[in-house]
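Here's the letter readout for the chains.
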Amino acid sequence: MADAGERILVVGPSWVGDMVMAQSLLMTLKTRHPGCTLGVVAPGWSLPILERMAEVDEALALEVGHGELGFAARRELARHLKGRFDRAIVLPRSWKSAMVPFLARIPKRRGFIGEQRLWLLNERRRLDKTLLDQTVKRFVSLGLPEEEAASGDFAIPRPRLAVDPDNLVELRLHHQLSSRPAIGMMPGAEYGPAKQWPLEHFHALAVQLVTKGYEVRVLGGPKDAPAGEVICAGLSHAHNLCGRTRLADAVDLLADCEQVVTNDSGLMHVASAVGTRVHAIYGSSSPEYTPPLTSNARIHYLALSCSPCFARDCPLGHTNCLKDISPERMLEAILPASPQVLTPAG
């Protein structure tokens, strides 16, 4: 158990969605151990997300490429951390992720057993995937006493990211966004195409939404820009913002959307954490494993006999788990939840 005033270092994950879900652990630590100080080691790109988490007292960037050892960078960060923390909680299961707390000589180092890192951790936990059947559960469990964590029965606080209203005003002006109610669309999914709703479905839905008086905002990274062009093609009141916004901007723009339509992706978790109505589409992945952590969501999942396969590309070559979720079905799900539908003008 951590004492009040204990200094705790959390080694965070390397994906946007996982970083948002990690806030559930941070909230748990702050609630159970008032007065503790929380530092988070994370990739540099994630610092804007951490800045929106009230629980984070210090964010520490580790600039190492995905899959790289980066020993020099880890050693330098560890040198900076020596003597500053009493306990470390390591969320990723790779041995590289446990190096910084070990090199920093943090006395108590907790994490799941994995990748031959027994000597790097001294508070080792076995992962029971049947009880800890969700990513967020695994994160939160590492902040609990071992007996309670092993039960799999504990509260999971929902992430809540802060919104910057001044930044939102600037974004609306800069991107010439309208006063129409906005629907966000997130066509990307880092894992692979077996998690991506067809672009022609996104486009067909965008056409219907613009006709009914909505503004469409397509959000994602630079790699998603071509997809955004397909979705917005020929449409007024449809904005391809992929690669044109910072991660912190996406937080504010999603909070300003009335609803979002999204693949199982990092931005899905961001939208959930700002309270926006989420329509989450699942194909190769499972809503049981990485659900949006909000009560304001609708899951679109066909649960075909081949689902979930967790493959990057459809092993059968048809991706019917996604193709058969029609734009018409999505439109019907969006409209009843809307407080107003405007005329096409405006």
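Just so we're clear, the structure is a prediction, and the values are computed from it rather than from any experiment.

Asks: Please set out the pattern of salt bridges residue by residue, giving values where relevant.
Replies: Counted by the stated rule, this structure contains 15 salt bridges. A salt bridge links Glu 123 to Arg 87; the nearest nitrogen and oxygen atoms lie 2.8 Å apart. Placement of the pair is Glu 123 in strand E6 (residues 123–125) and Arg 87 in strand E4 (residues 87–90), with a sequence separation of 36 residues. Under the relative-accessibility criterion, Arg 87 is labelled buried at 4%. For Glu 123, the salt bridge identified is with Arg 110, shortest N-O distance 3.1 Å. Of this pair, Glu 123 sits in strand E6 while Arg 110 sits in strand E5 (residues 108–112), and the two are 13 residues apart along the sequence. Taking the relative accessible area as the measure of exposure, Glu 123 reaches 22% and is therefore partly exposed. Residue Arg 110 is classed as buried on the basis of its relative accessible area, which comes to 9%. Here the residues in one salt-bridge network are Glu 6, Arg 87, Arg 110 and Glu 123, joined through shared partners.

Asks: Explain the domain arrangement of the protein chain to me, using residue names and the numbers behind them.
Replies: For the protein chain, the assigned domains read domain 1 (7–151) and domain 2 (165–334). Distance from the C-alpha centre of domain 1 to the C-alpha centre of domain 2: 29 Å. Across the domain 1 to domain 2 interface the summed buried area is about 1200 Å²; carbon plus sulfur atoms make up 69%. The largest contributions to the domain 1 side of the interface with domain 2 come from Met 21, Arg 52 and Gln 134, which together make up 35% of the buried area. Between the two partners, domain 1 and domain 2, sit one salt bridge. The shortest N-O distance in the salt bridge between Arg 52 and Asp 252 comes to 2.8 Å. At the boundary of domain 1 and domain 2, one finds four residue pairs in polar contact (both at pLDDT 80 or more).

About the criteria used
Residues numbered from 1 in each chain as written. Predicted model: local features only at pLDDT ≥ 70, side-chain atom pairs only at ≥ 80, totals over all residues. Heavy atoms only, no water. Salt bridge = Lys/Arg side-chain N within 4 Å of Asp/Glu carboxyl O. Helix = DSSP H or I, 4+ residues; strand = E, 2+ residues; numbered from the N terminus. Buried < 20%, exposed > 50% of the residue type's maximum accessible area, 1.4 Å probe, protein only. Domains from an automatic or database assignment. Buried area = accessible area lost by both parts, 1.4 Å probe. Polar contact = N/O pair within 3.5 Å; in protein donor to acceptor, adjacent residues only side chain to side chain.

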